[in-house]
Amino acid sequence: MDPQAILRDVFGFDVFRPGQEEIVRAVAAGENTLAIMPTGGGKSLCFQLPALLRDGVTVVISPLIALMRDQVRGLREAGVAAGALTSGDTEEEREAVWHALEQRRLKLLYMAPERLASAGAQGMLRRIGVGLIAVDEAHCVSQWGHDFRPDYLRIGALREALGVPLAAFTATADAETREEIVQKLFAGVRPREFLRGFDRPNIHLAFAVKDQPRRQILAFAAGRKGQSGIVYCGTRAKTESLAAALAQEGHPACCYHGGMESEARREVERRFQQEDGLIVCATVAFGMGVDKPDIRWVAHADLPKSIEAYYQEIGRAGRDGAAAETLTLFGPEDIRFRRTQVDEGLAPPERKAADHGRLNALLGLAEALDCRRATLLGYFGEAVETCGNCDLCDRPPEVFDATTPVRMALSAALRTGESFGAGHLIDIVMGNATDKVTQRGHDSLPTFGVGKEWSKAEWQAVFRQMMGRDLMRPDPERHGALRMTEAARPILRGEESVRLRRDTIRAAKSERQVKT
Ligand code: ADP
Ligand code: ZN
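Residues numbered from 1 in each chain as written. Chains lettered and ligands numbered in written order. Predicted model: local features only at pLDDT ≥ 70, side-chain atom pairs only at ≥ 80, totals over all residues.

Okay, the site of ligand 1 next. Lining the immediate environment of ligand 1, one finds 14 residues, of which Phe13, Arg17, Gly42, Lys43 and Ser44 sit closest. For the shell around ligand 1, a count of residues per class yields four nonpolar, six polar and four charged. (Near = placed C-beta within 6 Å. Nonpolar A, V, L, I, M, F, W, Y, C, P; charged D, E, K, R; others polar.)

Structural data, given as structure tokens:
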């Protein structure tokens, strides 16, 4: 089976996080590995997925019982046969796990390190056909660290006794700890090491609110004539129309999407690889096979699906290490589209909640108040100082206390039963007595006209940023209606304040003044 398919079908993720794919492939191929990944970076997947690709059971040694139980529960929910042997088990639980092991039904067996001390456990592991040992929090083997677990010292002997590959994971990257892990777990034979930060410092990060998006993309491309670039689009139709528009401006450009004949797609891949300065307008179908080191820019004509997808797509730029640029466009309709896509999908509720979370992370990045790289890498667990290579470092945005307009907007939504979209709510707070407003008696609400001093464009920016912060969400049951989220309650109650970006509001305002 293909790791990509398992990632999607079993784990419910569309793309690998930074670093995961290489590690998964090495571990699945039976290489001894040591992977250093920041906390929250997604280590568990790097042994859970290979466990499904390898014969026999994967033994996972982890020091945290609660974490083991969580993982076993998660795996079972995903339909993976997993069990745990810890000191906290009841006799019954233990029996059930042993039974499943004897029948060779388990793919993953989580074990607390102290279980390795028993002779019975060692013998059992020899009998049941272990295919891989995975060691979580591998720095616990280090006597000099804070988390030393004497039982971790037994793992090296176990590996030799079973003669199977071992994959060790830790977030602790210092060279001494690493060396000790290699000595104790791998008897000094160097495993393949994965220690790559997630940062791609040569890639400039930028987002912009959509404002005649075609013009924005054309302007971005115009400044980079002759350079190879990719424009990711939300729909097949857009890949075609944008490619035509770029060609009209004199750029060599073509489109790429899953609806094209495979022959035509291969031709685009070949041209992109060989020619200099071709622009490909593509759906996410373009990328898997692309390994061109000198892609100088990546633009998103529409907001990607998640922060992981964003990272992967922009990461195709500048593999050669030379400067590369990115631009991601987004607007309220993108937010609505992505939310609806999650809500209307077939995933179970927990997965939908997780997908909303990943979308929130991307929206948080889009509406970030300071350094984008710090925000992005922070999500993946890696800490960086402000980077000096993103639009917000170039021009720090002006922020202001927007608690008052946000509360006005929330209260307008609540007083109208959370049944209306942004347009109608804006009419209410601005005091516009439209037919829809008067017919429903919304002109007699206390919130009617409370926000007069703000322009429509300013209100639109406020609503968009509120959606971006997940203070309001489209109601999956009622088309276009906005509902308040839990996150907004403390603001409405006056317990929390909100800061929003002024510059996007200003931009919206000046745009309006030019037009009117
Ligand atoms: P750690 O590295 O701290 O062990 P975890 O393995 O617990 O991190 O993963 C952290 C979070 O990232 C989890 O919520 C997990 O579901 C999520 N995650 C892992 N891999 C991916 C992926 N490829 N796409 C999206 N989310 C992912
Ligand atoms: Zn920055």
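This paragraph deals with the nonpolar core. As a rule of thumb, soluble globular proteins bury nonpolar side chains together. Among the nonpolar cores identified, the biggest contains 92 residues, and Val231, Cys281, Ala409, Leu425 and Val429 are the most heavily contacted of them. By residue number, the principal contributor to this core is helix α20 (residues 456-468), which donates seven residues. Setting aside residues no more than four positions away along its own chain, Val231 makes contact with Ile217, Leu242, Ile279, Cys281, Ala299 and Ala301. The next biggest cluster of nonpolar side chains, apart from the first, holds 52 residues, and it includes Ile6, Leu109, Met111 and Tyr152. (Core = buried A, V, L, I, M, F, W, Y, C linked by C-beta atoms within 7 Å. Buried ≥ 20, exposed ≤ 12 C-beta atoms within 10 Å, placed from the backbone. Helix = DSSP H or I, 4+ residues; strand = E, 2+ residues; numbered from the N terminus. Contact = placed C-beta atoms within 7 Å.)

Moving on to the environment of Leu125. Mapped onto the fold, Leu125 is located in helix α6 (residues 119-127). Here Leu125 falls in the buried class, since 22 other C-beta atoms lie within 10 Å of it. Residues contacting Leu125, with those up to four places away along its chain left out, are Val59, Val130 and Leu162.

The next subject is helix α10 (residues 236-248). Between its terminal C-alpha atoms α10 stretches 19 Å, which fits the 18 Å expected from 13 residues at 1.5 Å a residue. Burial in α10 covers these residues: Lys238, Thr239, Leu242, Ala243 and Leu246. Axial view of α10: buried residues confined to an arc of 130°, hence all on one face. Exposed and facing more than 90 degrees away from the buried side of α10 are Ala237 and Gln248. Note on α10: the residue one or two positions beyond its end, Gly250, has a positive phi of about 90°. (Expected span 1.5 Å × (residues − 1). Arc of directions from axis to C-beta.)

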